[in-house]
Amino acid sequence: MLNIWQQCERIWINARLATMDPQIPGPYGILEQGAIGIRKGRIQALTPMAQLDLDALPAQLSDAQGGWLTPGLIDSHTHLVYGGQRSAEFTQRLAGESYAEIARAGGGILATVAATRALSQQQLTDLARPRLAALVAEGVTTVEIKSGYGLSIADELKMLRAARSLGDELPVRIRTTLLAAHAIPPEYRSESDAYVALICDELLPQVVAEGLAEAMDVFCEEIAFSPAQTERLLEAAKMHGLGIKLHAEQLSNSGASLLGASYGAWSVDHLEHLDAAAIAALKQAGTVATLLPGAFYFLHETRLPPIERLREQQVQMALATDLNPGSSPLASLRLMMNMGCVLFGLSPAEALAGVTRHAACALGLGDQIGILAPGYRADMLLWDIDHPDQLAAEVGTFAPHQRIFGGEICHV
Ligand code: NIG
Ligand code: FE
């Protein structure tokens with residue numbers, strides 16, 4: 001009978017493995033001088049080289065030559081399907097107007113809604129492709145994409161279909177999230193409850209019937225949806241078996257994170273105004289705190305998310321780009337790792353955990369991707385670097401030496 005190594009289709013040898021597996025001690029879960037075997041797109045086994053009998057291996061061998069292998073990067077929060085661009089708002093904000101003021105005056109999200117509604121599914125896909133390709137080129141192997149610039153049944157479905165179709169074009173796993181509750185559409189300006197009812201009673205059942213989203217997200221904020229409306233939406237999402245994510249505590253403390261925790265949310269995101277009671281609830285519920293340093297930087301925020309308390313309470317912290325045309329038009333998860341360290345005080349190892357293991361949990365995929373361990377998908381990156389701290393310390397100086405998606409070496 002073949003042993004587990006002989007069953008492998010491909011084995012990387014002479015690799016330094018930053019497994020990110022919490023069961024291996026140390027910040028990166030390092031296995032020096034290691035080998036990792038792949039079978040049917042998944043990791044079959046890992047071991048120190050010294051324990052590997054190279055003569056008995058029929059599999060194809062790839063020599064990592066001392067390079068570092070990490071899990072593929074995961075961007076767990078993006079809005080990368082959209083029409084138009086909002087550089088005029090960038091200029092307005094530089095002149096002193098706030099994000100909320102611009103939104104109230106009909107700009108902001110609603111400006112992108114108008115531009116997105118005007119485009120076909122194919123046009124949206126064509127615009128989104130280079131944004132996604134930029135993430136893929138720097139090592140991203142899983143990306144979450146939200147709707148939320150359609151705000152009508154037809155336009156939200158169009159956005160989700162456009163997002164899904166990108167996964168057939170590029171070697172990357174796409175997870176989609178219904179964010180119909182991103183802003184109140186102009187047609188429902190004075191009857192936002194009726195829009196919430198439309199989402200719950202008509203849009204959501206269609207999305208679920210077509211299998212177009214894994215999760216639901218709500219922007220719970222004074223300029224968007226109230227906690228009561230958010231709860232109604234979460235109730236409907238739960239009933240339909242969708243995962244829950246929230247835009248929470250970005251501009252004010254609305255209590256969305258507590259609410260999210262009580263519904264077992266996969267993640268709550270932004271969190272500049274998160275309070276201590278909510279942090280305890282997140283820990284209790286196993287909800288990931290997703291930090292979005294790009295939006296913090298781009299909106300010139302000064303109030304930091306409570307990193308120290310999150311760390312103390314051992315709440316899992318993810319990092320994501322929030323890639324969108326208004327508050328974070330920044331298509332680089334590596335830049336977010338750097339910003340997470342410089343702006344938020346994360347360590348480089350916490351930053352890597354934030355775009356691997358913890359990001360996986362923020363997508364309900366904590367048992368599938370995000371660490372190098374037997375049974376996990378073989379989404380891996382081989383880096384020609386001296387130390388994994390470089391992944392957060394440097395931006396734009398190097399790309400992955402090799403990108404492995406589902407066990408296949410991809411050239412992108
Ligand atoms: O995550 N906060 C709400 N939504 C986005 C911004 C979207 C936009 O401005 O277009 C965010 O920052
Ligand atoms: Fe967002």
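Here the structure is a predicted model, which is why all the values come from computation and not from measurement.

**What to know about the overall build of the protein chain**
In step 1: A count of helical and extended segments in the protein chain gives 15 helices and 16 strands.
In step 2: The globule rule puts the C-alpha radius of gyration for 412 residues at 22 Å, and the 21 Å found for the protein chain is close to it.
In step 3: By its C-alpha atoms, the protein chain is 75 × 40 × 40 Å across when sized along the principal axes.
In step 4: In the protein chain, which comprises 412 residues, the share counted as buried stands at 59%.
In step 5: Nonlocal contacts in the protein chain, meaning residues at least 24 apart in sequence, comprise 72% of its contacts between residues at least 6 apart.
In step 6: As displayed, the protein chain offers around 15,700 Å² of accessible surface, 51% of which is attributable to carbon and sulfur atoms.
In step 7: Considering the protein chain, the positive charge centre built from 29 side chains and the negative charge centre built from 45 side chains are found 3 Å apart.

**Describing empty space enclosed by the protein**
In step 1: Per the counting criterion, the structure on display carries three cavities of 30 Å³ or more.
In step 2: When its volume is computed, the largest cavity comes out at roughly 90 Å³.
In step 3: Together, 14 residues line the largest cavity, and His79, Tyr99, His182, Asn324 and Ser327 are the ones closest to its centre.

**Digging into the side chain of Ser192**
In step 1: Looking at where Ser192 falls in the secondary structure, it is placed in helix 6 (residues 192–209).
In step 2: Here Ser192 falls in the buried class, since its relative accessible area comes to 18%.
In step 3: If near-sequence neighbours (up to four positions away) are discounted, Ser192 is found in contact with Ile184 and Gln229.

**Side note on the layout of surface pockets**
In step 1: Counted as a void, the largest pocket has a volume near 350 Å³.
In step 2: Forming the walls of the largest pocket are 18 residues, and the residues nearest its centre are Ala103, Arg104, Leu110, Ile184 and Ile223.
In step 3: A per-element tally of the lining of the largest pocket places helix 2 (residues 99–104) first, with three residues.

**Brief notes about the packing of helix 6 against helix 7 (residues 227–239)**
In step 1: Running from N to C, helix 6 and helix 7 cross one another at 5°; their axes reach a closest spacing of 10 Å. Relative to helix 7, helix 6 is oriented roughly parallel. In contact with Ser192, Asp193, Val196, Ala197, Ile199, Cys200, Asp201 and Leu204 of helix 6, helix 7 contributes Gln229, Arg232, Leu233, Ala236 and Ala237.
In step 2: Counted by class, the contact of helix 6 with helix 7 contains eight nonpolar, two polar and three charged residues.

**Quick word on the site of ligand 1**
In step 1: Near ligand 1 you find 15 residues, and of these Tyr99, Tyr149, His182, Gln250 and Ser327 are the closest.
In step 2: Arg86 places a side-chain nitrogen or oxygen 2.8 Å from an oxygen atom of ligand 1.
In step 3: The fraction of the free accessible surface of ligand 1 (330 Å²) that becomes covered by protein chains is 100%.
In step 4: Split by residue class, the shell around ligand 1 holds four nonpolar, nine polar and two charged.

**Considerations on the domain arrangement of the protein chain**
For interface size, the figure often reported is the accessible area lost on association.
In step 1: Entries for the protein chain in the domain assignment read domain 1 (10–72 + 371–410) and domain 2 (73–362).
In step 2: Its C-alpha centre places domain 1 at a distance of 30 Å from the equivalent point of domain 2.
In step 3: Taken together, the 27 residues of domain 1 in the interface contact 25 residues of domain 2.
In step 4: Interface area for domain 1 against domain 2, summed over the two sides, is near 1,900 Å², with a carbon-plus-sulfur share of 62%.
In step 5: The largest per-residue losses of area from domain 1 upon contact with domain 2 belong to Met20, Ala392 and Arg403, which jointly make up 29% of the total buried on that side.
In step 6: Linking domain 1 with domain 2 are one salt bridge.
In step 7: At the junction of domain 1 and domain 2, the tally comes to 11 residue pairs in polar contact (both at pLDDT 80 or more).
In step 8: Of all the secondary structure elements, the ones that give two or more residues to the side of domain 1 that touches domain 2 are strand 5 (68–71), strand 14 (380–383), helix 15 (390–393) and strand 15 (402–405).
In step 9: Here the side of domain 1 that touches domain 2 is composed, by residue class, of 18 nonpolar, three polar and six charged.

**Looking at the pairing of strand 14**
In step 1: The alternating pattern of strand 14 places Met380 and Leu382 on one face and Leu381 and Trp383 on the opposite face, and all of these are buried.
In step 2: Bridge count between strand 5 and strand 14: four bridges; the pairing is antiparallel. If you follow Thr70 over to strand 14, its bridge partner there is Leu381.
In step 3: Relative to strand 15, strand 14 runs antiparallel, the two being bridged by three bridges.

**Some thoughts on the pattern of salt bridges**
In step 1: Taken as a whole and assessed by the stated rule, the structure comprises 15 salt bridges.
In step 2: Between Asp126 and Arg129 there is a salt bridge, and its shortest N-O distance comes to 3.0 Å. Within this pair, Asp126 and its partner Arg129 are both found in helix 4 (residues 121–137), separated by three residues, close to a single helical turn.
In step 3: For Asp126, a relative accessible area of 34% translates into the label partly exposed.
In step 4: Overall, the relative accessible area of 26% leaves Arg129 in the partly exposed class.
In step 5: Between Arg311 and Glu308 there is a salt bridge whose closest N-O contact spans 2.9 Å. With Arg311 and Glu308 both in helix 11 (residues 307–312) and three residues apart, the pair spans about one turn of that helix.
In step 6: Residue Arg311 is classed as partly exposed on the basis of its relative accessible area, which comes to 29%.
In step 7: What you see here is one network of salt bridges that share partners, running through Arg117, Asp155, Lys158 and Glu187.

Each value, and the rule that gives it
Residues numbered from 1 in each chain as written. Chains lettered and ligands numbered in written order. Predicted model: local features only at pLDDT ≥ 70, side-chain atom pairs only at ≥ 80, totals over all residues. Heavy atoms only, no water. Helix = DSSP H or I, 4+ residues; strand = E, 2+ residues; numbered from the N terminus. Rg over C-alpha atoms; globule rule 2.2 N^0.38 Å. Buried < 20%, exposed > 50% of the residue type's maximum accessible area, 1.4 Å probe, protein only. Contact = heavy atoms within 4.5 Å. Areas by Shrake-Rupley, 256 points an atom, 1.4 Å probe, with all protein chains shown as cover. Lys, Arg positive; Asp, Glu negative; His and termini not counted. Charge placed at Lys NZ, Arg CZ, Asp CG, Glu CD. 1 Å grid on protein atoms, 1.4 Å probe; cavity = no way out; pocket = protein on both sides within 12 Å on 5 of 7 lines; lining within 4 Å. Points joined across faces, edges and corners; volume = space filled by probe spheres on them. Axes fitted to C-alpha atoms, helices over the stretch in contact; angles between N-to-C directions. Parallel < 35°, antiparallel > 145°, perpendicular 65-115°, else oblique. Nonpolar A, V, L, I, M, F, W, Y, C, P; charged D, E, K, R; others polar. Near = heavy atom within 4 Å. Polar contact = N/O pair within 3.5 Å; in protein donor to acceptor, adjacent residues only side chain to side chain. Domains from an automatic or database assignment. Buried area = accessible area lost by both parts, 1.4 Å probe. Salt bridge = Lys/Arg side-chain N within 4 Å of Asp/Glu carboxyl O. Pairing = 2+ DSSP bridges.

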